[in-house]
Each structure stands twice: as C-alpha cells, then as structure tokens.
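Now for the letters of each chain:
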2 protein chains.
Amino acid sequence: MLHLVGLGLADEKDITVKGLDIVKKAERVYLEAYTAVLLVEKEVLEAFYGRSIIIADREMVESASDDILKDADKVDVAFLVVGDPFGATTHTDLILRARELGIPTSTVPNASILTGIGCTGLQLYNFGQTVSMVFFTDNWRPSSFYPKIAENSKIGLHTLVLLDIKVKEPNLEMLARGKIRYEEPRFMSVAQCAQQMVEVEEEKGEGICGKDALAVGVARVGAADQRIVAGTLGQLREADLGRPLHSLVLLGRKTHDLERDFLKEYAVDKNVFEEIWERNYGKTE
Amino acid sequence: MLHLVGLGLADEKDITVKGLDIVKKAERVYLEAYTAVLLVEKEVLEAFYGRSIIIADREMVESASDDILKDADKVDVAFLVVGDPFGATTHTDLILRARELGIPTSTVPNASILTGIGCTGLQLYNFGQTVSMVFFTDNWRPSSFYPKIAENSKIGLHTLVLLDIKVKEPNLEMLARGKIRYEEPRFMSVAQCAQQMVEVEEEKGEGICGKDALAVGVARVGAADQRIVAGTLGQLREADLGRPLHSLVLLGRKTHDLERDFLKEYAVDKNVFEEIWERNYGKTE
C-alpha cells in the first residue's frame, strides 16, 4: 500500500501517532521536499523515526514515480508530505497513478498552513480562496494573484498568501555551460511579499492591496519560536520575522470583534492598527 | 500554561507526538466535546493517553472557563479539541481569557476537516468561504448559508458545508417541567444536507444549489472506513454514507482535470457525473 503521511508544520514531533506507526513499519520511506519544508533537517527526522529517508525531489515525483510505487501492491511504502498530504496537486496525481497500477492507497491527514493560520485569531470560515506569491524577477512579475485577492476582497474575505520557496533550482549560468549546480535554497519573506503586493497594487489601482491595507505576517507556525505581526502592508514591508517559513494574510473587511481583539496584541503599532480597523474593517458583519 | 491540543479527525492515534507528550504531562486534561466529536469514545482516549479526561461542554467553556484556567499560570493544563484548535471561535475566546489572566498559552495544530476534505481530490486553493448547515425545524429554516454559497459559486469556487451536530441538547418538554434531560445526540447526514440545500434553492431560485448541481459527500474522513460519494444534489439526497461525521462540498465551476479524474471513481453514476461535469464545470480554468 502507498501511504501518504502528513508531517504537520514544524518539526519531527508533529507527525501523528498513526503516521509514526506507518513510518516505522514501511519498507521504504520517501520525503517530498520541494513544495514545502519542515523547520528541521532530514537527519533529525531519521533519528526520531528510526528510519532512513529517501528525499523525493520534483523530478523524482513527477517523472520517476514508478520507482516510488515499485512493489507497493505488495509492501508498504510511506510517502511523507510536509503539512497535509492534500496540500499540493502533485500528491493527488501520485494517488491517481497508484490507482492506475492497482495499488491501494491510504492518507494520514495532518495540520496544514491552511488551518495553522488560525493561530492569528482570524476565523477560518472567513477565508476565501488561497493564492501563491512567487519571487518577482526583472522580467517576470506574475500578477495572477491579484484578481483572486480582488474576488475575495469584494466579498469581504481574508486571503491566505503562500510564499514562494526555491529549493534545488539549477543555476542557469552553470547549466548553459553544461554543468548542473544548484542554487542555495530561497524562501520568500513577509516583507518581500508585502512589497510585491504594494507594487502590483500601484500598477492595477483597484484599491485591493495598497500600503494602507491591513495584513498579518506569520513565521514558523506551530514552532516554539512562532511569530505573528499585524500591520499595514506598508509597515510589513519593513518587518523582519526571522528565519523561514513565512506566510501572509490580507485581511477582508468582514471581521469579527474577536479577530481584532486577538490580533491587536501583535500589531506593529497598536494605534495605527486600531484606527485603520475602525475606519475600514468590521462593517459588514 | 494552557495548551490547546488538536486531536485530528478520527481516533485516538490522530494526536501528534507533540500533543501526546503534553497530554501525558499535564495536571488536568479537558476535552471539548460540543463543536465536533471524534469517532471513538472518551474511554478509548483515556486508555490510550493513560490519563483521565474531563468533558468540557458548552456551558463549562463559555460560562465556567475560570475552572479550566485555574492555576494554569503555575501548572500545565491541556485542552483537547477535535480537529484543529482554531476550528471554532470559542477556542479563540478561551485564549483571550487566558491572556487577560496573564496565563501563557500554546497550541498544537492538527488536521481539520477544512483540509481533510482534500481526500476528495478537490484542490484546497479552489475553496471559498466555509458555511454551516443547521437542522431545519418546522418553523426555523435558516438560509444564511445561501448567499455565502452564491458568492463562492459566482467566482467558481467550491464550498465546504459543515453539518450540524447536536450533543447534550436539553429536552424542551422536560425542561418546561423543570427537569433537565438531554436528547440523544444527532448528526446531520449528507442526504439531509442535500435535501435542505435543494429546498432552499427552490425558494431562492438563483440556480446555486439545485438538484443538478454537482456535490461530494464525505463521511468519517481520516478513518479506515472513510467514504466519498460524488453526484448531483438530487442523487445525494438518497445517499447513505453510514455513521457520522458527514460533510459536503458543493462544486464550483473553476475546476482542474485532476479533480474530475480523482472524483469520478466515487460517482453514484459515472455517466451522469461526466455528462454534467462536461456541460457545466471546468470551463473557466
């Protein structure tokens, strides 16, 4: 059987008891390590699980999935996914391929940033669709997130923005010379995301994510050093939340008093936060 | 410290290793048992955790929270929540009250139905706001879910519908005679939910959740006997998914081919499913 096992958000102890039982018994253990990362190294997981782990990069999962699925009709194979197994399309695809080969599958759910973001006190049923923010380059500034945020915003909903991570990206200069060298991993920060949102707002001008829009930045959700910072996008451009992973929520106007009470504790500037909240938020419900 | 510990969705082994460590060491262990329930009894949890558990009903959490928080500035108190700790407003409120009393808090995230619903193959970033469906009575048929579903539907998004549960509801007849007797617990089924949605559509007539709209019913997500059934709301009115808990997703039109491929395996009638999908879904992306 192919078991997709969610690992949760922070460290080796975020696996569930059910998940750990599977890992301990499986014939082979893979770790999907390109759509998200834990805050601890592979070696920490191996020591805690008592198993050696095969890192499954994008190439392996997308092009060599038969290796992963080999004999899985007869033995147990564990495929570990940071967060919840269904956080990324690629895992749905893996299950479909297992089905085609007649391999039974099981999944062990776990915490995902989609619900972990509740640590901000924002009510999960007030979130609209989730968007992703990629690193802008000089000549590639995709703004496909903007209409989606605008859709959420128009009906008063919060938007969770998932921030780009780059792991195992080939260095293009070396590649042109026929050599494969990988870049250092990069993780987008809350500050970068806020900056990109404000820039795109300046181009589009629909009043969706400008400097005065309220947002919440989070870092290392579920870890002991988790951080939450609330403020305007203008303020968050300057915020330093420390090491990865970061995420951001753009607030919707349909808010609950509890959300304000919970969040203001984390405001960059309580007065600015309360003044803008009073003026622009919490009106429709 | 007050620890809010998520228990996940199905049984005693869905707690995380981190959560279990806290439960084993805490001075007192409460279980919130009115916004959601696990699929196993309290006694099973107690045996597995090696701890006795105090059931915290709505009255205790909302009116007698000081009992829960007693001495939590000095000792560790574990407050167990089915799913993720931030799934319900009431837990945010408990943290705020702890803060007022100067009691430090921590939370241990876990799987929630909001992400567990990914077992349907529906992409989580294609979901809009979440709605709740309550049991209709002869003279109370709240349709506040309808405009929210309509908002999601108009921008092509899926809607997760959380189904009513009634636990520890006083029998009104006995109450009138001055006696407190509790009703048997009740859990809404996918079939009931589909029926109520179709009825409200007939009243409102905006074409949001009529008999031919595609939906997915799920039962016991994360358990060994998890079930998924896809079909029209008309078909789901007749579906029997067995014991609780159930949830339902109304499909949005903005779909991915992978979602169709994954779901059709669970269709009540594959031909009907594919025909309606072909006609009405997957057009906008």
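Residues numbered from 1 in each chain as written. Chains lettered and ligands numbered in written order. Predicted model: local features only at pLDDT ≥ 70, side-chain atom pairs only at ≥ 80, totals over all residues. Heavy atoms only, no water.

For chain A, an unreviewed UniProt entry supplies the name Diphthine methyl ester synthase and the organism Saccharata proteae CBS 121410. In UniProt, chain A has this text filed under Pathway (unreviewed entry): "Protein modification; peptidyl-diphthamide biosynthesis." (UniProt positions renumbered as here; feature names shortened; annotations may be inferred.)

1. Side note on the packing of aromatic side chains
In total, this model carries 12 aromatic pairs over all chains according to the counting rule given. Seen in terms of ring centroids, F262 of chain A and F86 of chain B are 6.4 Å apart; in terms of plane orientation they differ by 85 degrees. Their pairing is edge-to-face. Here F262 of chain A, found in helix α11 (residues 257-264), pairs with F86 of chain B, found in the loop between β4 (77-81) and α5 (89-100), and the two come from separate chains. By the burial criterion, F262 of chain A is buried, and F86 of chain B matches it. Between F145 of chain B and Y146 of chain B, the aromatic rings sit 6.4 Å apart at their centres with planes inclined by 75 degrees, giving edge-to-face as the arrangement. Each member of the pair, F145 of chain B as well as Y146 of chain B, carries the same accessibility label: buried. The positively charged end of R99 of chain A is found above the aromatic ring belonging to F262 of chain B, 4.3 Å away from the centroid. (Phe/Tyr/Trp six-rings, centres within 6.5 Å; stacked < 30°, edge-to-face > 60°. Helix = DSSP H or I, 4+ residues; strand = E, 2+ residues; numbered from the N terminus. Buried < 20%, exposed > 50% of the residue type's maximum accessible area, 1.4 Å probe, protein only. Lys NZ or Arg CZ within 6 Å of the ring centre and 35° of its normal.)

2. Describing the UniProt feature "binding site: S-adenosyl-L-methionine" (unreviewed entry) in chain A
According to UniProt, the "binding site: S-adenosyl-L-methionine" (unreviewed entry) feature falls on L9, D84, G87, S112, I113, L163, V221 and H246 of chain A. Within the secondary structure layout, L9 of chain A lies in the loop between β1 (2-6) and α1 (17-25). Other than its neighbours up to four places away in sequence, L9 of chain A contacts D14, L38, L39, A111, S112, I113, G116 and V221 of chain A. D84 of chain A has contacts with P109, N110, A111 and S112 of chain A together with T115 of chain B, leaving out every residue within four places of it along the chain. Polar side-chain contacts of D84 of chain A include one of 3.0 Å to the backbone nitrogen of F86 of chain A. (Contact = heavy atoms within 4.5 Å. Polar contact = N/O pair within 3.5 Å; in protein donor to acceptor, adjacent residues only side chain to side chain.)

3. Quick look at the interface of chain B and chain A
In this complex, chain B contributes 50 residues to the contact, which on the side of chain A involves 50 residues. Summed over the shared surface of chain B and chain A, the result is 10 salt bridges. The residue D21 of chain A makes a salt bridge to K13 of chain B at a minimum N-O spacing of 3.3 Å. The interface formed by chain B and chain A contains 22 residue pairs in polar contact (both at pLDDT 80 or more). Top element by residues in the side of chain B that touches chain A is α5 of chain B. It accounts for six residues. (Salt bridge = Lys/Arg side-chain N within 4 Å of Asp/Glu carboxyl O.)

4. Let's talk about the pattern of salt bridges
One pass over the structure, following the stated rule, counts 42 salt bridges over all chains. A salt bridge links K70 of chain A to D71 of chain A, with the nearest nitrogen and oxygen atoms 3.7 Å apart. You can call D71 of chain A partly exposed: its relative accessible area is 33%. Its salt-bridge partner being E62 of chain B, residue R58 of chain B comes within 3.7 Å of it at the nearest N-O pair. With R58 of chain B and E62 of chain B both in helix α3 (residues 58-63), this residue pair falls four residues apart, about one helical turn. The class for R58 of chain B is partly exposed, based on a relative accessible area of 45%. On the basis of relative accessible area, E62 of chain B is assigned to the partly exposed category, the value being 44%.

5. Considering unusual backbone geometry
Residues and elements named next belong to chain A. Note that the residue after P244, namely L245, is joined by a cis bond; omega there is -5 degrees. Within the secondary structure layout, L245 lies in the loop between α10 (233-236) and β12 (246-250). At D71, a residue that is not glycine, the phi angle is positive and equals roughly 65 degrees. For D71, the position within the fold is in the loop between α4 (65-69) and β4 (77-81).

6. Describing the UniProt feature "domain: Tetrapyrrole methylase" (unreviewed entry) in chain A
The residues that UniProt annotates with the feature "domain: Tetrapyrrole methylase" (unreviewed entry) are residues 1-236 of chain A. End-to-end, the C-alpha atoms of residues 1-236 of chain A are 46 Å apart, and along that stretch the chain is 33% helix and 19% strand.

7. Remarks on empty space enclosed by the protein
Counted according to the given criterion, the structure contains three cavities of 30 Å³ or more. The volume enclosed by the largest cavity comes to roughly 210 Å³. Taken together, 13 residues form the lining of the largest cavity, with L114 and F127 of chain A together with L114, F127 and G128 of chain B sitting closest to its centre. Residue composition of the lining of the largest cavity, by class: eight nonpolar, five polar and no charged. (1 Å grid on protein atoms, 1.4 Å probe; cavity = no way out; pocket = protein on both sides within 12 Å on 5 of 7 lines; lining within 4 Å. Points joined across faces, edges and corners; volume = space filled by probe spheres on them. Nonpolar A, V, L, I, M, F, W, Y, C, P; charged D, E, K, R; others polar.)

8. A look at the sheet that holds strand β11 (residues 227-232) of chain A
Residues and elements named next belong to chain A. The strand order β6-β7-β12-β10-β11 describes an open sheet built from five strands, whose pairing is mixed. Of all strands in the sheet, those with a lone pairing partner are β6 (131-133) and β11, marking the two edges. Averaged over all neighbouring strand pairs, the angle between strand axes comes to 25 degrees, with direction disregarded. Across four bridges, the pairing between strand β7 (residues 159-163) and β12 is antiparallel. (Pairing = 2+ DSSP bridges. Axes fitted to C-alpha atoms, helices over the stretch in contact; angles between N-to-C directions.)

9. Focus on the environment of D73 of chain B
Here D73 of chain B is to be found in the loop between α4 (65-69) and β4. Judged by its relative accessible area of 45%, D73 of chain B is partly exposed.

10. A closer look at the sheet that holds strand β2 (residues 28-32) of chain B
All names here are of chain B. The strand order across the open sheet formed by five strands is β3-β2-β4-β1-β5, and the pairing between neighbours is parallel. For this open sheet the edge positions go to β3 (54-56) and β5 (105-108), each flanked by a neighbour on one side alone. Strand-to-strand twist in this sheet, taken as the mean axis angle between neighbours without regard to direction, amounts to 25 degrees. Summarising the sheet, strand β1 (residues 2-6) and β4 pair through five bridges and their orientation is parallel. Pairing of L4 across the sheet is with F79, part of β4. Sitting on the sheet, helix α1 (residues 17-25) is in contact with β1, β2, β4 and β5, with an inclination near 135 degrees to β1.

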